[in-house]
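Given next are the chains, with one letter for each unit.
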Amino acid sequence: MRTTRPPETPARLMPPPRVTVLMGPTATGKTERALEWAHRSGAWILSADALQFYRGADLGTAKPSRAERAALPHYGIDVAEPDEPWDVRRYADYARAVVDAAARAGMPVLVVGGSGLYLSVFHAPPPDPVDIPPAVREEVAALAAAGGTRALRERLLSLDPDPPVDLRNPRRLAPALERVLATGLPVRELQRRHAERPCAFADCEREWFLLDRPDEELADRIERRTRAMLAGGLLAEVRALAARGLRANPTLASAIGYREGLEVLTGDRGESTLATAINAATFRLVRRQRRWFARRMPDAVAL
């Protein structure tokens, strides 16, 4: 007797993940706006702040309060120890896992931050996939220590005669040389291959919003925030983080507030100059953030 199988019912297609990016310079009020937005929409909040990853780095990073985090789902905060540097590749994997989990729960994700490099994972090709062997890192570091920028430049040019790299900047030369040594490919070819890789969030519904304020208003907000950080115990926070390995994490140790705080603790800076130094450094950061948003981020709706 011949039987026929019933037609298969196609699986219900899930809608694409929804990602809204709220970006803006530091101290513009992104946290407050994000909390309002998430309360209305039910969105999960995903930080794209390069410093809020670290446990114990609270005042200097202006993290949402514990009560605010308890009221709404927050991700990307307190996920690493202060001596455990994160990077963009690690963040991209983490962010994708959060977005996928939110999609399975039927919830949108609100990405909030001012760190342009981390925000870029939501629209640009994924972070550089080249793994640098420890021996190559050691070779480049030894070359830089022995001969500085000139030695790095000469070594790179011997392998790649026309690299699209600022040959006067060791922060650009060293990574470029590491990648050329690790792969045997010139910088342009590495860039071409990287540019062809699809964004890790290309399957998502994405929209961008930009929050900024006039300079005078923002300067006042920065000064008030700095006073609140110092009154809340920023120096004590820096001291506690130093005991937990802060100096082993260059990203956190060089961050505004922590860098100046360490200088006070070592006697290289007077405590009376701390607020002025933090305010000035913060406004320089604002200018860099604005340039990044203008040049390297998608067009965004101004709020």
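Residues numbered from 1 in each chain as written. Predicted model: local features only at pLDDT ≥ 70, side-chain atom pairs only at ≥ 80, totals over all residues. Heavy atoms only, no water.

Caption draft 1: Up close: the sheet that holds strand β6 (residues 301-302). In spatial order, the strands read β3-β2-β4-β1-β5-β6; together these six strands make up an open sheet with parallel pairing. With partners counted over all chains shown, the strands left at the sheet margins are β3 (74-75) and β6, one partner each. Pairing geometry for strand β2 (residues 44-47) and strand β4 (residues 109-113), over four bridges, is parallel. Residue pairing in the sheet places Ser-47 in a bridge with Val-112 of β4. Packed on one face of the sheet, helix α3 (residues 88-104) meets β1 (18-23), β2, β3 and β4 and runs near 175° to β2. (Pairing = 2+ DSSP bridges. Helix = DSSP H or I, 4+ residues; strand = E, 2+ residues; numbered from the N terminus. Contact = heavy atoms within 4.5 Å. Axes fitted to C-alpha atoms, helices over the stretch in contact; angles between N-to-C directions.)

Caption draft 2: Structural context of unusual backbone geometry. For Ala-62, which is not glycine, the phi dihedral falls at a positive 55°. Within the secondary structure, Ala-62 is located in the loop between β2 and α2 (66-71). At Asp-78, a residue that is not glycine, the phi angle is positive and equals roughly 60°. In this structure, Asp-78 sits in the loop between β3 and α3.

Caption draft 3: Structural view of helix α11 (residues 258-266). Taken together, the buried positions of α11 are occupied by Tyr-258, Glu-260, Gly-261, Leu-262 and Val-264. Elements that come into contact with the buried residues of α11 comprise α9 (234-243), α10 (250-253) and α12 (274-296). Following α11 by one or two positions, Gly-267 has its phi on the positive side, about 85°. (Buried < 20%, exposed > 50% of the residue type's maximum accessible area, 1.4 Å probe, protein only.)

Caption draft 4: Molecular detail of the pairing of β1. Burial runs high along β1: five of the six residues are buried. Both β1 and strand β5 (residues 205-210) contribute to a ladder of six bridges, which runs parallel. Bridging across to β5, Leu-22 finds its partner in Phe-209. Where β1 meets β4, five bridges bridge the pair, whose relative direction is parallel. Paired with Met-23 across the strands is Gly-113, a residue of β4.

Caption draft 5: Region of the structure containing α9. Within α9 the residues assigned to the buried category are Leu-234, Leu-235, Glu-237, Val-238 and Leu-241. Looking straight down α9, one finds its buried side chains confined to an arc of 155°; they lie on one side. Packed against the buried residues of α9 are α8 (215-232), α11 and α12. Directly beyond the C-terminal end of α9, a positive phi value near 100° is found at Gly-245. (Arc of directions from axis to C-beta.)

Caption draft 6: Representation of the packing of α8 against α12 within the structure. Where α8 meets α12, the axes come as close as 10 Å, and the angle between the chain directions of the two elements is 135°. Considering their axes alone, α8 and α12 lie oblique with respect to each other. Between α8 and α12 the crossing geometry is right-handed. Contact with α8, carried on its side by Asp-215, Leu-218, Ala-219, Ile-222, Glu-223, Arg-225, Thr-226 and Leu-230, involves Leu-274, Ala-275, Ile-278, Asn-279, Thr-282, Phe-283, Val-286 and Arg-290 of α12 and no other residues of that element. In terms of residue class, the contact of α8 with α12 is built from nine nonpolar, three polar and four charged. (Parallel < 35°, antiparallel > 145°, perpendicular 65-115°, else oblique. Left-handed = near helix turned anticlockwise from the far one by under 90°. Nonpolar A, V, L, I, M, F, W, Y, C, P; charged D, E, K, R; others polar.)

Caption draft 7: A look at the pattern of salt bridges. With the rule as written, the count across this model stands at 23 salt bridges. A salt bridge links Lys-63 to Asp-78, with the nearest nitrogen and oxygen atoms 2.3 Å apart. Pair noted here: Lys-63 is in the loop between β2 and α2 and Asp-78 is in the loop between β3 and α3, with a separation of 15 residues, a long-range link. For the pair Lys-63 and Asp-78, one class covers both residues: buried. Between Arg-290 and Asp-212 there is a salt bridge, with the nearest N and O atoms lying 2.9 Å from each other. Of the two residues, Arg-290 sits in helix α12 while Asp-212 sits in the loop between β5 and α8, which places them 78 residues apart along the sequence. For Arg-290, a relative accessible area of 23% puts it in the partly exposed group. Judged by its relative accessible area of 28%, Asp-212 falls in the partly exposed class. (Salt bridge = Lys/Arg side-chain N within 4 Å of Asp/Glu carboxyl O.)

As far as function goes, none of this settles anything; it's purely spatial.
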